[in-house]
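# Descriptive analysis of the structure
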Amino acid sequence: MSKVFYVTTPIYYVNAEPHIGHAYTTVMADFLARFHRLDGYDSYFLTGTDEHGEKIYQAAEKADTDPQSFCDRISQRFSEAWRVLDISNDDFIRTTEERHKAVVRRVLETVHASGDIYYDEYAGIYCVGCERFLTDKELVDGKCPDHLIEPENRREGNYFFRMEKYRQWLRDHIRDNPSFIRPEGYKNEVLGMLAESIGDLSISRPKDRVPWGIELPWDSDHVTYVWFDALINYISALGFSDDQRYTDYWPATQHMIGKDILKAHAVFWPTMLKAAGLPIYQHLNVGGFLMGHDGQKMSKSLGNVVDPFQLAEKFGPDAVRYYLLKDTVYGQDSSVGEHLLIDRYNADLANDLGNLLSRARALIGRHMDGVLPTPEQQAGDQEVIAEGTALIGRVRPLVGELRIFEALETVMQFVRMLNRYFNDEAPWKLAKDPEQHGRLGTVLYNCVEGLRIVSVLMEPAMPGKARQVRIDLGLGDFTFADIEEWGGAMPGTKMPAEAEILFPKTETEKPKQQQTPKKKKQGPKKEPDVREEKGEISIDDFFNVQLRVAQVTAAEKVEKADKLLKLTLDLGDEIRTVVSGIAEWYQPEDLPGTKVVLVANLKPAKLRGIISEGMILAADDGQGNLTLVSPAQDIAIGAEVR
Ligand code: ME8
């Protein structure tokens, strides 16, 4: 196979549990791995855990356990986290594995033999969080800006790697290969670092100080850990150097990291590889930080972490993945929160994508016996067809430049276009006219075919739900090569009769309703609230009313009730019956197709023997005029009115 793609995440420290920052980088890498797989690449994806070093040794001591058992336990937590988030890594490397340690010793021997490693006494300021000596310039208010701790003064005998020797070579390489470090801001940051001396890199610790590392092949009193150990995982996992995977994948390497470990990956790692006589990686992709509600970087040491397991349990792995990819700009910092996830989920997934699927399914079930019809395309369909087939060509370069949210937005724009097409063509109206049966079939076919293309493009972001879309439509799996042309959904395909709602709507957590009255009863006597006297309600009371856009699909008179009409309403994800007192103003035949606003969470009531599930809103001027409230512009059925 000629097209090859190798993507890696950082290997995560096992001194604490996985959090959403780790999940972010891993989901991003998984997106790319899956995207390239679907695009015909031989794609290989590596993640793993970084298990040696002082802080892990200390964490194990604190947990009153031996370091290896401690590492085993936390490393397992990372593997589990990635299963929960549907991460498709091909390998999981641990730095305490023998296959890794053997490669570290070999690389050390090579660089030592070439004279690029020497022994010296070193005195400097050391951050255990970063596991490296810092320079005074890196401090902010005397503290490490990433870990907010004061570094320690240290003096000890270390082995050093002659990193400075390779500075000029690295500068030239970065200048000659403008996309080596991306996005560009980080490239400039690294060039800034390289404009002055970078010094040599301390790569070992005396074993009597920290025993938890890999013994140096030529001096058993010293161990190496963290950078000279950890970075080598990217090649040890490929079976460096005689394994075919190393030969195949290493030249196509893309590292995904967070900006906190930029220097290690952009300066230490390429110079180490160069000194070992090895080719360097292709791209270093640098992500920004996810910040907590407090606006601070989420990190173990700051204690403001969000648990990716909990989010996935609540909203499903696909919603979490989609949110992380769609609501962040790669390379920049972003604030994350559950309410933002819910907004994104409801807008893109429940309203736009989920609704279209359930509406198309409902009509095919009702009018086509659940069988995908044969289309007879017309001029009016060409826009949708052209857009659908152009999509992969638009998305591919965006992903290539790591503009992931734009790539997903491009797909969502097409979903919205399909929704507009559905509304404009009004297949529920076509269904009423037997002569329009062919046209109805064409419109429904185009919606299904559009959804097929969307599902394939969404698969790297939401592997589970994307496949579910196709299962619900009776379709199988496809690659990107299968979505370059319109027509991959085979007419005659039978849809399953039953399907669960793809993205059930989810509500933002609101304060509990009964709290306010309770407080009033128990609290001391006070002046009546003026707003209560005026009949005002709190914002929470208002938020408790669920208003949604619905479309009337059928209307009829209620027997022996002059004022009542029985309406059938489509909310996208469900069909409701509502009895409404509008017969004086509306004829039943005028109503189908009209969009109305439904009070959706009203207790059902029996009116003339009919269960009415909600109320629709109408404006009444008190002078005999009444008009239904409709959205001013077209909007998807099911949309929330707020
Ligand atoms: O640095 N926002 O491991 P680590 C976004 N073992 N990404 C975040 C993040 C946040 N708030 N917090 C962490 C190490 N990350 C070393 C790496 S590689 C040879 C050795 C992500 O457990 C981000 O990708 O501290 C960051 O670079 C990585 O986790 C650091 O993970």
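Note: the structure precedes this text.
This section reports on the structure supplied with the text. (Residues numbered from 1 in each chain as written. Predicted model: local features only at pLDDT ≥ 70, side-chain atom pairs only at ≥ 80, totals over all residues. Heavy atoms only, no water.)

## What to know about the pairing of strand β18 (residues 575–580)
Put simply, the test is: Between any two strands, at least two bridges found by DSSP are needed for them to pair. Numbering of helices and strands runs from the N terminus; a helix is a DSSP stretch of H or I covering at least four residues, while a strand is a stretch of E covering at least two.
Of the pairings in the sheet, the one linking strand β17 (residues 565–570) to β18 comprises 6 bridges and is antiparallel in character. Considered in β18, the bridge of Thr568 is made with Thr577. With antiparallel pairing between neighbouring strands as the criterion, β17 and β18 make up a hairpin whose turn holds 4 residues, including Gly572 at a positive phi of roughly 90°.

## What to know about helix α18 (residues 463–472)
Test applied: Between buried and exposed lies partly exposed: a residue is buried under 20% and exposed over 50% of the maximum accessible area for its type, with that area taken using a 1.4 Å probe on protein chains only. Working rule for contacts: check all heavy atoms of both residues, and any pair within 4.5 Å makes them a contact.
Within α18, the full set of buried residues consists of Pro463, Ala466, Val469, Arg470 and Asp472. Buried residues along α18 sit in contact with α1 (20–38), α12 (317–326), α13 (338–367) and α17 (437–458). One or two steps after α18, the chain reaches Gly474, where phi turns positive at roughly 80°.

## Here's the deal with the sheet that holds strand β13 (residues 283–287)
How we decide: Simply put, an axis is a line fit to the C-alpha atoms, just over the touching stretch for a helix, and the angle between two N-to-C directions goes from 0 to 180 degrees.
Across the sheet, which stays open at both edges, the 6 strands sit in the order β3-β2-β1-β12-β13-β7 with parallel pairing between neighbours. Unpaired on one side and paired on the other, β3 (91–94) and β7 (181–182) mark the two borders of the sheet. Here strand β2 (residues 42–50) runs beside β3; their pairing, made up of 4 bridges, is parallel. Counterpart to Thr49 in the pairing with β3 is Arg94. Lying over the sheet, helix α3 (residues 67–84) contacts β1 (4–13), β2 and β3, oriented at roughly 160° with respect to β3.

## Some thoughts on the packing of α13 against α17
Between two packed helices, the angle of one axis relative to the other and the distance separating the axes together describe the packing. The test is simple: In this scheme, a crossing is called left-handed if the near helix is turned counterclockwise away from the far one by less than a right angle; it is called right-handed if the turn is clockwise. Any residue outside Ala, Val, Leu, Ile, Met, Phe, Trp, Tyr, Cys, Pro, Asp, Glu, Lys and Arg is labelled polar, Gly included; the first ten of those are nonpolar and the last four are charged.
Where α13 contacts α17, the two axes come as close as 10 Å, and the packing angle between them is 145°. Between α13 and α17 lies a crossing whose hand is left-handed. Contacts between α13 and α17 involve Leu353, Leu356, Leu357, Ala360, Leu363, Ile364 and His367 from the first element and His437, Leu440, Leu444, Cys447, Val448, Leu451 and Val454 from the second. Its residues assigned to classes, the contact of α13 with α17 shows 12 nonpolar, 2 polar and no charged.

## Topic: the sheet that holds strand β8 (residues 201–202)
Through backbone hydrogen bonds, the strands of a sheet pair up, either in parallel or in antiparallel fashion. On the basis of which strands lie adjacent, the open sheet formed by 4 strands has the order β5-β4-β6-β8 and antiparallel pairing. In this open sheet, the two edge strands, each paired with only one partner strand, are β5 (132–134) and β8. Relative to β5, strand β4 (residues 117–127) is paired through 3 bridges, and the arrangement is antiparallel. The residue of β5 that forms the bridge with Tyr126 is Phe133. Together, β5, β6 (152–161) and β8 form the strand contacts of helix α10 (residues 262–275), whose direction differs from that of β6 by roughly 30°.

So yeah, pure geometry; function would need other evidence.
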